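Working through the structure, step by step
One letter stands for each residue in the lines below.
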Amino acid sequence: MSGVQHLTVAPDEADQRLDRWLRRRFPHLGQGRIEKMLRKGELRVDGGRAKASTRLEAGQVVRVPPLPEPDPQAAAPRRADPRPVSAEDARMIQARVIYRDEHVLAIDKPAGLPVQGGSGQSRHLDALSEALRFGADEPPRLVHRLDKDTSGVLLMARTARAARALAKGFHGRRTRKIYWAAVAGVPSPRAGTISYGLVKAGGRGPGGEGEKMRCIHPDQVAGTPGAKPAVTDFAVIEAAGRRAAWVALAPVTGRTHQLRAHMAQIGHPIVGDGKYGGSGQTNEGDGWGAQLGGAVSRKLHLHARSLTFRHPAQERLITLTAPLPEHMARTWELFGWRPEDAPADPFEELG
């Protein structure tokens, strides 16, 4: 039996589920044992209770209680072969590649495709990555995430060394991400910074389904258990009267649902965001509802437009962009917004 261990999450281990991270460290641990340790509060993250689905961040400390030694006589658990990717899915995901070299790969992630599996999710990018080997010894690894319904630039590492370097760039805030969104109404002022902290608000289902983030005033973050600082820069690029606006968003921190929660908090939820903006509320003028009605799609209008990163081997800056998904392109056409007229970085023009 081992003693209590306090293990630090490495940069290239960030964004993994706690249970998966633990099984990689201790392959002899079963899911049942992990769930039991979590229920009893023996397995903790930064001193607090956690769930199997908790996403880890680089630098966090995981407390692992005493564990039994693996039985050398027991048969080693057989590693399941990755599920084969269908020819149709392989063609689809390979067609989304927007950059590739021997170190990194980037795709234009389609809206609706989860990045990693979860409850009831078998078709996700992590599984489809087998089709993105392109002759490499292993599939590319995720170094950051996008929400299931968010489209756009997603970067992956093709080697362990590249994964470590890219993860450091994300967690050291040296990687620049700019999102485009259509929001209800027009923010005033038309540019600024949102600094509300975020804390998880539990969902209604037995497994926490429906969990969302709740905004906390910056002055209350330190005194709110589980709350974390969150900062988003925003800038209006164009507006459609007072009804809607095309907004650029730059997350300074990278919290779950940060952009969606922050825009709803200032009264301008992202169009199509039923979780934070109300699925049944239609914005007919300068209203708050996240649905614009008419020909505007009810899908989420949030797109990772560009990403600027330092190449892990060549040390040069690379900027990648992804075109708007179909449902957002139709909304842009409806309002007469032209992507080619937007500055590459609206925040540079604002200083």
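Throughout this document, residue positions are counted from 1 along each chain, in the order its sequence is written. Totals for whole chains, interfaces and linings use every residue, but because this is a predicted model, local features are given only for residues with pLDDT of at least 70 and side-chain atom pairs only at 80 or more, for both listing and counting. With hydrogens and water stripped out, all remaining heavy atoms of the structure feed into the side-chain values.

1. Considerations on the overall build of the protein
Starting at the N terminus, helices and strands are each numbered in turn, a helix being any DSSP run of H or I of at least four residues and a strand any DSSP run of E of at least two. The helix and strand tally for the protein stands at 9 helices and 16 strands. Only protein chains enter the area calculation, which uses a 1.4 Å probe; residues under 20% of their type maximum are buried, those over 50% are exposed, and those in between are partly exposed. Within the protein, the proportion of its 351 residues that are buried is 47%. Whether two residues are in contact is decided by their heavy atoms, any of which lying within 4.5 Å being enough. The long-range share in the protein, meaning contacts at least 24 apart out of those at least 6 apart in sequence, stands at 64%. What sets the accessible areas is the Shrake-Rupley method with a 1.4 Å probe; for residues, cover comes only from the shown protein chains. Here the protein displays about 17700 Å² of accessible surface, and carbon together with sulfur accounts for 47% of that area.

2. Considering the side chain of Thr54
You can see Thr54 is positioned in the loop between strand 3 (48-49) and strand 4 (61-64). Using a relative accessible area of 15% as the deciding quantity, one classes Thr54 as buried. Counting of polar contacts relies on pairs of N or O atoms within 3.5 Å, with two restrictions inside protein: one atom must be capable of donating a hydrogen and the other of accepting it, and residues adjacent in sequence are counted only when both atoms are side-chain atoms. A distance of 2.9 Å separates the side chain of Thr54 from the backbone nitrogen of Lys51, its partner in a polar contact. With sequence-adjacent residues up to four places away left out, Thr54 is seen in contact with Gln16, Arg17 and Leu18.

3. A look at the sheet that holds strand 3
When DSSP finds two or more bridges between two strands, those strands count as paired. Read from one edge of the open sheet, 4 strands run 1-4-2-3, paired in antiparallel fashion. The strands lining the two open edges of the sheet, one partner per strand, are strand 1 (5-8) and strand 3. Taken together, the 2 bridges between strand 2 (residues 44-45) and strand 4 define a ladder with antiparallel strand orientation. When the sheet's bridge partners are listed, Arg44 is paired in strand 4 with Arg63.

4. Thoughts on the UniProt feature "active site" (unreviewed entry) in the protein
With numbering aligned to this structure, UniProt lists the feature "active site" (unreviewed entry) at Asp147. With respect to the secondary-structure elements, Asp147 resides in the loop between strand 7 (141-142) and strand 8 (151-157). With a relative accessible area of 24%, Asp147 lands in the partly exposed category. When residues no more than four places from it in sequence are discounted, the contact partners of Asp147 are Lys109, His257 and Arg260. UniProt positions are given in the numbering used here, feature names are shortened, and annotations may be inferred rather than shown by experiment.

5. A closer look at the side chain of Asp89
As for its placement among the helices and strands, Asp89 is situated in helix 3 (residues 87-95). With near-sequence residues (within four places) excluded, Asp89 lies in contact with Arg123 and Leu128.

6. What to know about the packing of aromatic side chains
Only the six-membered ring of Trp is used, alongside the rings of Phe and Tyr, when aromatic pairs are assigned; centres must lie within 6.5 Å, and planes under 30 degrees apart are stacked while those over 60 apart are edge-to-face, with the rest tilted. Applying the stated criterion across every chain, the model contains 5 aromatic pairs. Ring geometry for Trp180 versus Trp246: centroids 5.0 Å apart, planes at 75°, classification edge-to-face. Note that Trp180 is positioned in strand 9 (residues 176-184) and Trp246 in strand 14 (residues 244-251), a separation of 66 residues in sequence. For the pair formed by Trp180 and Trp246, the shared burial category is buried. Considering the side-chain rings of Trp332 and Trp337, the 5.1 Å spacing of their centres and the 85° angle between planes classify their relative orientation as edge-to-face. Just as Trp332 is buried, Trp337 falls in that class too. Three or more aromatic residues joined by ring pairs form one cluster here, namely Trp180, Trp246, Trp332, Phe335 and Trp337. Remark: a charge is flagged as sitting over a ring if the NZ atom of Lys or the CZ atom of Arg is within 6 Å of the ring centre and within 35 degrees of the ring normal. Positioned over the ring face of Phe134 is Arg100, at 4.0 Å from the centre of the ring. Over the ring of Tyr276 we find Lys212; its NZ or CZ atom is 5.0 Å from the centre of that ring.

7. Structural notes on the pattern of salt bridges
In the sections that follow, a salt bridge refers to a side-chain nitrogen of Lys or Arg positioned within 4 Å of a carboxyl oxygen of Asp or Glu. Scanning the model with the defined rule gives 14 salt bridges in all. A salt bridge links Lys228 to Glu57; the nearest nitrogen and oxygen atoms lie 2.9 Å apart. Taken as a pair, Lys228 in the loop between strand 12 (212-216) and strand 13 (232-240) and Glu57 in the loop between strand 3 and strand 4 lie far apart in primary sequence, 171 residues in all. You can call Lys228 partly exposed: its relative accessible area is 28%. In this structure, Arg141 engages Glu138 in a salt bridge whose closest nitrogen and oxygen atoms are separated by 3.0 Å. Within this structure, Glu57, Lys228 and Arg255 form a network of salt bridges that share partners.

8. Let's talk about the nonpolar core
Buried Ala, Val, Leu, Ile, Met, Phe, Trp, Tyr and Cys residues form a nonpolar core when they are joined through side-chain atoms within 4.5 Å. Ile93, Leu125, Leu154, Leu249, Ile270 and Leu302 are the most contacted members of the largest nonpolar core, which has 30 residues in total. Delimitation of the domains relies on an automatic or database domain assignment. Taken together, domain 2 (87-172) and domain 3 (178-335) each give at least three residues to this core, which thus spans both. Once residues within four sequence positions are removed from consideration, Ile93 is found in contact with Ile107, Leu113, Leu125, Leu128, Ala131 and Leu132. Core analysis: the second largest hydrophobic core is formed by 20 residues, Ala235, Ala250, Leu292 and Phe347 among them.

9. Some details on a positive patch on the surface
Like charges are joined within 9 Å and nonpolar side chains (Val, Leu, Ile, Met, Phe, Trp, Tyr) within 5 Å, but only among residues with over 30% relative accessible area and no salt bridge; these make up the patches. Here Asp and Glu are counted as negative and Lys and Arg as positive; His is not counted, and neither are the chain ends. Charged side chains are reduced to one point each, which is NZ for Lys, CZ for Arg, CG for Asp and CD for Glu. Judged by side-chain charge, Arg161, Arg164, Lys168, Arg174 and Arg310 come together as a positively charged surface patch. Here the element with the most residues in the positive patch is helix 5 (residues 160-171); it accounts for 3 residues. Here Arg310 is to be found in strand 15 (residues 302-310). Under the relative-accessibility criterion, Arg310 is labelled partly exposed at 44%.

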